[in-house]
Amino acid sequence: MRTPRPVVFVAASLLLCACSDHRGAFGRTSILRNVAFETRSEVPVGVGDLADAATADFNGDGNPDLVATSIAGFVQVLLGQGNGLFGIAQSIPATGIPAFTVAGDVDSDGDQDFVVVRATAALATTFINDGRGNFTVLADAPVGPGPQELVVADLNGDGILDALTTSLGEPYVTVLHGQGDGRFARMANLNMPVGSQLLGIAANDLDGDGNVDLVVSDYPGRRIGVFYGLGRGQFAAPVLHVVGLSPVFVSIGDVSFDGFLDLVVSNLDDASLTILRRLDVRSYRTETLPTDGPPSMSAIGDLTGDGVNDLVVSVFSRASVSVYPGRSNGSLGDEMQLGTSGLPLRPLIVNVNPADGPVKDLVVTAVLGDRLSLIFGANGLPVGSLNYDAGVPIAEAVATGDFDGDGIAELAAGGVGAASVMISTLNDSPATRTRALVPQLRIDTPQPPVNLVDGDFNGDGKLDLAVAMAGGVTIYANRSDSAGLRFEPIPTTGFLISAVGAYEVAAGDLNGDRLLDLVISSLNEDKVKILRAVNADFEYSAPPTEIAVAGKPIGLALADFDGDGDLDVAVSRSAAGFVNVYANDGRAGMTLLAEAPVGAAPNYLRTTDFNADRRADLVVSNGLSDSISVLIAGSRPGTFAQQDIRVGDRPTALLTRDLNRDGAPDILVASLLGADFHVLLGDGRGGFPLQTRFPGTYLATTADLADLNADGLPDLAVGSVRTTRVSLYRNISR
């Protein structure tokens, strides 16, 4: 991305986002005027880490409601308004670690109740509905130790719901016979072979004989067991099917578009789904579908609005859900991966906003965090940030730019998983309602990249690429022509400048010769290194000028901090909790100008003029203080007025831009653990009276902004240390 003078290209990249205008936690109107990015919505639950959720119409208003369990010891009831908004109606304390839950009319009065298994108490607890969405605890039923997934179904045909649950490490299913008043009586267990350890369970009439059948997953046994119902609550011995490694959960639904129920099994340890497509009454054809990481729970339903069931699976380690669109010929389309909050567990396909039509939406629970992710369904594509395979093992560093000069930005991604950078193009086709990230060129690097930065370093009008690695920095000169993308490493082997833990790179004219010099932070040497350009053909003077900066220097910012017309250098000291500013003597010689204490573990550092006084101010994200520090320059060079502002959980990537187009610079910061972005709107006088947040990427590290789909609007690309994928937030501003 091109940056106006003074030219400062920071290897952590520039981040620009805006709040979603979608429904859910943030309503229908964009919080930032004229700027909106496509992302998920969220439903705040208001307690500690979530365990599970279920949906039903609890208060009889025709709108789906939610119940969510929290391992912090609460059960939360959220009533839906029919427009994607939910409000917490009841918070019920529950000891014994409330875990899995299921909704159903267990007292046969026409209202939807719910049952929760309490893991350490080995109990199934019934919560009875008064018909208006108010719940009371009715009774506990003993179950096996460490109860896991829970289902309800009428097993014996008496019109009363019964309950079943698996137990961690046990080879049996606990069967609870419903009494019709919400109470349960424990019946004889259903046994799998000795040595089985059951986890997931699902119930439905698989063979169409009118009796409920059961499917359970045997975690260490690489198999599932199907208990076919015989009627009157009796079951045949289990039929065993071989699946993948460590099957955890099972879902039932028609994924073949043939009217028959199929089975989908999540295999945790070989990152795959086993799909058992029904052939006849009790036989199946098995196929394996690889997933982008260990899968947890899945769901089957029409999320894309074409009348054909889609397959949705939570990819636990990727903080995302994968949607495989169903086709009328029974096959599954290409995966669409969407970001979620925390580490997702159960996806629920339900129409949370029936006022807007029949298309179903997606609610996702996560085992980290107190928010449910809400992804709205649409005709063709769900509404959310899509995660694309970036072609590298870990896509933690991203940069965007028009590398081939065609007017459309490409995406460069790299990370510590491989010694390479992949440059790709986004193919976004509204006509076919498809999006794909298409690899264009792989650049091999001496070591795995830590950060990327693009800029026209030699003034030829083409964007070059600088790659920071643990051992130093290499520049890749853009030699692209009509034949395609091509980059030449400078130097041809090794590093342009060596370092021990190179982290960030900045570029600017430090000595007034109109050539871009390089500044590198060397984390493990406690140094900042300056490499002065000799000419415009990537020649630099040697050896570099070195500044001793104790305390693990990370972030860099270049600006005229002392008002003498030369670019000075600011650096964050992550282990010391300070930001140092070094004054430039006009020849790239540096002396300490200021040393400002900030929060714990300062990392990303940016500069702009927050109060329109023509002085360069600073802002730094403090990774262990959950805050940012804003340093407003005083009238005397080297003096700053400081304000610390709390933001998200472990703030990382940071930018200063005019996000709402009011002429005043704003601040946006990514939350590493919070999977969100915090926006602080500047008042033009150095204050930030309004702060808001919107859903983002879990473990976000870097991000960049450019028009990736040729619609004239800049889109957001975000890298993460957790995944091989890059999250893209499509700009939908009006």
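A brief look at the structure comes next. (Residues numbered from 1 in each chain as written. Predicted model: local features only at pLDDT ≥ 70, side-chain atom pairs only at ≥ 80, totals over all residues. Heavy atoms only, no water.)

**Overview of the overall build of the protein**
Within the protein one finds 0 helices and 60 strands. The C-alpha radius of gyration of the protein comes to 28 Å, within 12% of the 27 Å expected for a compact globule of 734 residues. Viewed in the frame of its principal axes, the protein has a C-alpha envelope of about 90 × 50 × 45 Å. Burial status across the protein gives 61% buried among its 734 residues. Restricting the contact set of the protein to residue pairs at least 6 apart, pairs at least 24 apart contribute 46%. Here the protein has roughly 25,100 Å² of accessible surface; of this, 51% comes from carbon and sulfur atoms. Charged side chains of the protein number 49 positive and 87 negative; the gap between the two group centres comes to 3 Å. (Helix = DSSP H or I, 4+ residues; strand = E, 2+ residues; numbered from the N terminus. Rg over C-alpha atoms; globule rule 2.2 N^0.38 Å. Buried < 20%, exposed > 50% of the residue type's maximum accessible area, 1.4 Å probe, protein only. Contact = heavy atoms within 4.5 Å. Areas by Shrake-Rupley, 256 points an atom, 1.4 Å probe, with all protein chains shown as cover. Lys, Arg positive; Asp, Glu negative; His and termini not counted. Charge placed at Lys NZ, Arg CZ, Asp CG, Glu CD.)

**Points about unusual backbone geometry**
In this structure, Pro491 follows Ile490 across a cis peptide bond, with omega equal to 0°. Structurally, Pro491 can be placed in the loop between strand S40 (487–490) and strand S41 (497–498). The omega angle of the peptide bond from Ala542 to Pro543 is -5°, so this bond is cis rather than trans. Examined against the element boundaries, Pro543 turns out to sit in the loop between strand S44 (527–531) and strand S45 (545–548).

**So, the pattern of salt bridges**
One pass over the structure, following the stated rule, counts 31 salt bridges. Close ionic contact of Arg346 with Asp52 constitutes a salt bridge, the shortest N to O distance being 2.6 Å. A residue pair is termed long-range when its members are at least 10 positions apart, and Arg346 in strand S29 (residues 344–350) and Asp52 in strand S2 (residues 50–56) qualify at 294 residues. A residue is classified by how much of its surface remains accessible, and Arg346, at 13% relative accessible area, is buried. In this structure, Arg223 engages Asp218 in a salt bridge whose closest nitrogen and oxygen atoms are separated by 2.7 Å. Overall, the relative accessible area of 1% leaves Asp218 in the buried class. Each member of the salt-bridge network shares a partner with another, and the members are Arg40, Glu42, Arg371, Asp676 and Arg693. (Salt bridge = Lys/Arg side-chain N within 4 Å of Asp/Glu carboxyl O.)

**What about the layout of surface pockets?**
Considered as a void within the structure, the largest pocket measures approximately 780 Å³ in volume. Taken together, 27 residues make up the lining of the largest pocket; nearest its centre are Glu149, Val151, Ile252, Arg346 and Leu348. Among the secondary structure elements, those contributing two or more residues to the lining of the largest pocket are S2, strand S6 (98–104), strand S10 (147–153), strand S15 (198–204), strand S21 (247–253), strand S25 (295–301) and S29. It is S10 that provides the largest number of residues to the lining of the largest pocket, a total of 5 residues. Split by residue class, the lining of the largest pocket holds 20 nonpolar, 5 polar and 2 charged. (1 Å grid on protein atoms, 1.4 Å probe; cavity = no way out; pocket = protein on both sides within 12 Å on 5 of 7 lines; lining within 4 Å. Points joined across faces, edges and corners; volume = space filled by probe spheres on them. Nonpolar A, V, L, I, M, F, W, Y, C, P; charged D, E, K, R; others polar.)

**With respect to the environment of Thr400**
As for its placement among the helices and strands, Thr400 is situated in strand S33 (residues 397–401). Judged by relative accessible area, Thr400 falls into the buried class, the value being 0%. Expressed as a C-alpha distance, the spacing of Thr400 and Gly623, which sit 223 residues apart in the sequence, is 25 Å.

**Considerations on the sheet that holds strand S57 (residues 690–695)**
Taken in spatial order, the 4 strands of this open sheet run S54-S55-S56-S57, and their pairing is antiparallel. Looking along the sheet, the strands with just one partner apiece sit at the ends: strand S54 (651–657) and S57. Each adjacent strand pair in this sheet contributes to an overall mean axis angle of 20°, direction not counted. (Pairing = 2+ DSSP bridges. Axes fitted to C-alpha atoms, helices over the stretch in contact; angles between N-to-C directions.)

**Some words on the side chain of Thr445**
Secondary-structure assignment places Thr445 in the loop between strand S36 (434–444) and strand S37 (449–455). On the accessibility criterion, Thr445 (8% relative accessible area) is buried. Among the polar contacts made by the side chain of Thr445, one reaches the main-chain amide nitrogen of Ser420 at a distance of 3.2 Å. Among all residues touching Thr445, those that are not within four sequence positions of it are Ala419, Ser420, Val421, Val467, Met469 and Tyr476. (Polar contact = N/O pair within 3.5 Å; in protein donor to acceptor, adjacent residues only side chain to side chain.)

**A word on the environment of Leu463**
Residue position: Leu463 is located in the loop between S37 and strand S38 (464–469). For Leu463, a relative accessible area of 3% corresponds to the buried category. Measuring from C-alpha to C-alpha, the distance between Leu463 and Gln642 comes to 36 Å, with 179 residues separating the pair along the chain.

**Examining the pairing of strand S32 (residues 386–389)**
Bridging between strand S28 (residues 336–339) and S32 involves 2 bridges; their strand directions are antiparallel. Looking across to S32, one finds that Gln337 is bridged to Asn387. For S32 and strand S60 (residues 725–729), the ladder comprises 4 bridges, and the chain directions are antiparallel. What sits directly across from Leu386, in S60, is Leu728.

**Concerning the pairing of strand S12 (residues 172–178)**
For S12, a buried count of 6 out of 7 residues is recorded, marking the element as mostly surrounded by other parts of the structure. For strand S11 (residues 162–167) and S12, the ladder comprises 4 bridges, and the chain directions are antiparallel. Paired with Thr165 across the bridge in S12 is Thr174. Hairpin connection between S11 and S12: a loop of 4 residues separates the two successive antiparallel strands, and Gly169 in this loop has a positive phi of roughly 85°. Pairing between S12 and strand S14 (residues 190–191): 2 bridges, direction antiparallel. Bridge pairing in S14 links Tyr172 to Asn191. Sheet topology note: the S12/strand S13 (residues 184–186) ladder contains 3 bridges and is antiparallel. Pairing of Leu176 across the sheet is with Arg186, part of S13.

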